[in-house]
Amino acid sequence: MRPACAEPSYSSAGSRTRCSSSCVSNGGTRTTETIRLAESEPLDLDATLGCGQAFRWRRDGGRWEGVVDGRCIRLSQRGGLLHYSGSDEPFVRHYLALDLDLDRLLAAIDRDPVIEAAIDRSRGLRVLRQPLFECLLSFLCATNTNIPAVQSRVEAIAGVWGEPAVGDENVRAFPSSTALRHATEDDFRACRLGYRAPYARSAVTAICSDPSWEGELSAVPHDEARARLMALPGIGPKAADCILLYALGHLDAFPIDVWIRRILARHYLPDLDTGTLSPSRYEAARSFGRDRFGAHAGYAQVYLFNARDLLCRD
DNA sequence: CAGGTC
DNA sequence: CCTGG
């Protein structure tokens, strides 16, 4: 049960647009409803859920199943029809950022042939609006590892401390920081966090020690939020930039992971090619991204990342 | 080795 | 560095 003050604003009346219509099409225990996407609401659901920005989505045939905010949600897309169950339209629209004028945004970041190729590759890919704490712990789990391993850790954490999800009791919600308050380092090791276990434990303690931490982080400006994130153990510049982009809505955040580094080195910054990515080199790459792509550089980052096979091959 | 961090 | 894919 969540306190009323934690209710995000997406549920406010008036968030629906005239362009959408929905209808009940299934008489089971779960009802599947449909959002009719307008021409001005491009969406590539597969790219959005599969690109590695969130870790609790699984493709089951043509359908995606995931857990967000304690609810088991299923999504599928056929052209301009977006089918959903386990949630309501305002939430789905908010989570998928369907209110964002993507065409206008993509036009704004489309500044050279490289990014243009990336945009052509997966137009309709959107940056999700993820719950903060889950996103934070997920990227703390994501250092020096691969995506399947991160998924496995996140699932394990939910399996131990998460409450049964609404819509499917066999699935677990991702726990709040409070629910993890008494989790020990060994508990996190048992979730296969390895050397990240003490970081996770300390980060949870730090967050729990200040009940207003999460709320303030959402209210504070980009640079201040970044500094507060990086003050947590296990959260460096890369993880912080991912959290800023995926959970805090700072669309100018530009995380530098190994793939973005390769792409920048190959097409923009030859000097970035070799050696360790020191903090100052990280900053140089990051500010290059923000300067080149502007206020929505984070979208450019996601599109470049999703086109990494295209942009890194010789 | 893998979408870094201390 | 932990450790799984």
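Note that residues are indexed from 1 along each chain, following the sequence as it is written. For naming, the first written chain is A and the first written ligand is 1, with later ones following in the order written. Under the rules for a predicted model, residues below a pLDDT of 70 receive no local features and side-chain atom pairs below 80 are neither given nor counted, while totals for whole chains, interfaces and linings still include all residues. No hydrogens and no water enter the side-chain calculation; it runs on all heavy atoms of the structure.

Section: the packing of helix α3 (residues 102-109) against helix α14 (residues 297-306)
Here is step 1: The contact between α3 and α14 brings their axes to 9 Å, and the two run at 85°. Comparing the axis directions of α3 and α14 gives the class roughly perpendicular. Counted together, L102, L105, L106 and I109 of α3 and Y299, A300 and Y303 of α14 form the full contact between these two elements. Lines fitted to C-alpha atoms define the axes here, with helix axes fitted over just the stretch in contact, and angles between the N-to-C directions of these axes take values from 0 to 180 degrees. Labels follow the DSSP assignment, with helices taken as runs of H or I lasting at least four residues and strands as runs of E lasting at least two, numbered in each case from the N terminus. Under this scheme an angle from 65 to 115 degrees is roughly perpendicular, one under 35 degrees roughly parallel, and one over 145 degrees roughly antiparallel; angles in between are oblique. Contacts between residues were defined by any pair of non-hydrogen atoms, one from each residue, lying within 4.5 Å.

So, the nonpolar core
Here is step 1: Only buried residues count toward a nonpolar core, which is a set of Ala, Val, Leu, Ile, Met, Phe, Trp, Tyr and Cys residues joined through side-chain atoms within 4.5 Å. Burial classification: accessible surface area is computed with a 1.4 Å probe over protein chains only, and a residue below 20% of its type maximum counts as buried, one above 50% as exposed, and the rest as partly exposed. Core analysis: the largest hydrophobic core is formed by 80 residues, its most contacted members being I157, F188, L229, I243, Y299 and L304.
Here is step 2: A domain assignment, automatic or from a database, supplies the domain bounds used here. Taken domain by domain, the makeup of this core includes at least three residues from each of domain 1 (1-99) and domain 2 (132-311).
Here is step 3: With near-sequence residues (within four places) excluded, F188 lies in contact with I157, W161, L180, A183, L193, A197, A200, R201 and V204.
Here is step 4: In this structure, I35, L45, V68 and Y95 belong to the second largest nonpolar core, which totals 19 residues.

Notes on the protein's contact with DNA strand B
Here is step 1: Within the structure, DNA strand B sits among 24 residues, and C51, G52, I147, Y195 and V258 are positioned closest to it.
Here is step 2: The definition of a polar contact used here is a pair of N or O atoms within 3.5 Å, where within protein one atom must be able to donate a hydrogen and the other to accept one, and adjacent residues in sequence count solely through side-chain atom pairs. One of the backbone nitrogen or oxygen atoms of G52 is found 3.0 Å away from a base oxygen of DNA strand B.
Here is step 3: Where the surface near DNA strand B is concerned, the elements lending two or more residues are α11 (237-246) and α12 (258-267).
Here is step 4: Sorting elements by how many residues they give to the surface near DNA strand B places α11 first, with five residues.
Here is step 5: Under this grouping Gly is polar, as are all residues other than the nonpolar Ala, Val, Leu, Ile, Met, Phe, Trp, Tyr, Cys and Pro and the charged Asp, Glu, Lys and Arg. Here the residues of the surface near DNA strand B are counted per class, giving 14 nonpolar, seven polar and three charged. In this text, near means that some heavy atom of the residue lies within 4 Å of the molecule or strand in question.

Structural notes on the environment of C312
Here is step 1: Tracing the backbone shows C312 in helix α15 (residues 308-312).
Here is step 2: C312 sits 166 residues away from N146 along the chain, and the two C-alpha atoms are 18 Å apart.
Here is step 3: Sequence-distant contacts of C312, defined by excluding residues within four places in its chain, comprise W259, R262, I263 and R266.

Brief notes about the protein's contact with DNA strand C
Here is step 1: Close contacts around DNA strand C come from N144, N146, P148, R153, R192, G194, Y195 and R196, and that covers them all.
Here is step 2: Counting only atoms of DNA strand C within 4 Å of the protein, the fraction found in sugar and phosphate groups is 52%.
Here is step 3: N146 is positioned with one of its side-chain polar atoms (N or O) 3.4 Å from a base nitrogen of DNA strand C.
Here is step 4: One of the side-chain nitrogen or oxygen atoms of R196 is found 3.1 Å away from a base oxygen of DNA strand C.

Some points on the domain arrangement of chain A
Here is step 1: Splitting chain A by domain gives domain 1 (1-99) and domain 2 (132-311).
Here is step 2: Residue-level contacts link 15 residues of domain 1 with 22 residues of domain 2.
Here is step 3: By buried area we mean the combined loss of accessible area, with a 1.4 Å probe, across both parts when two parts are placed together. Taking both sides of the interface into account, the surface hidden between domain 1 and domain 2 amounts to around 1,500 Å²; carbon and sulfur atoms contribute 56%.
Here is step 4: Take a side-chain nitrogen of Lys or Arg and a carboxyl oxygen of Asp or Glu: if they are within 4 Å of each other, that pair is a salt bridge. Taken together, the connections running from domain 1 to domain 2 amount to two salt bridges.
Here is step 5: Its salt-bridge partner being R56, residue E155 comes within 3.1 Å of it at the nearest N-O pair.

Section: the environment of R36
Here is step 1: Note on placement: R36 falls in strand β1 (residues 33-36).
Here is step 2: Each C-alpha atom of the pair R36 and G80 lies 6.0 Å from the other, and the pair is 44 residues apart in sequence.

Points about the packing of helix α10 (residues 222-230) against helix α13 (residues 279-293)
A packed helix pair is summarised by two numbers, namely the angle formed by the two axes and the spacing between the axes.
Here is step 1: Running from N to C, α10 and α13 point in directions that differ by 150°, and their axes come no closer than 16 Å. Classified by the interaxial angle, the pair formed by α10 and α13 is roughly antiparallel. Pair α10 / α13 crosses with right-handed handedness. Where α10 approaches α13, its residues H222, D223 and R226 are matched on the opposing element by Y282, E283, R286 and R290. Should the near helix be turned anticlockwise from the far one by less than a right angle, the crossing is termed left-handed; should it be turned clockwise, right-handed.

As for the sheet that holds β1
Here is step 1: Strand pairing follows a simple DSSP-based rule, namely that at least 2 bridges must link the two strands. Strands sit in the order β1-β5-β4-β3-β2 across an open sheet of five strands; the sheet is antiparallel. Edge positions in the sheet fall to β1 and β2 (58-60), since each of these pairs with one other strand and no more. Taking the axes of each pair of neighbouring strands and ignoring which way they run, one obtains an average angle of 30° across the sheet.
Here is step 2: Where strand β3 (residues 63-68) lies against strand β4 (residues 71-78), five bridges are found, and the strand directions are antiparallel. Across the sheet, the residue bridging to V67 is C72, located in β4.

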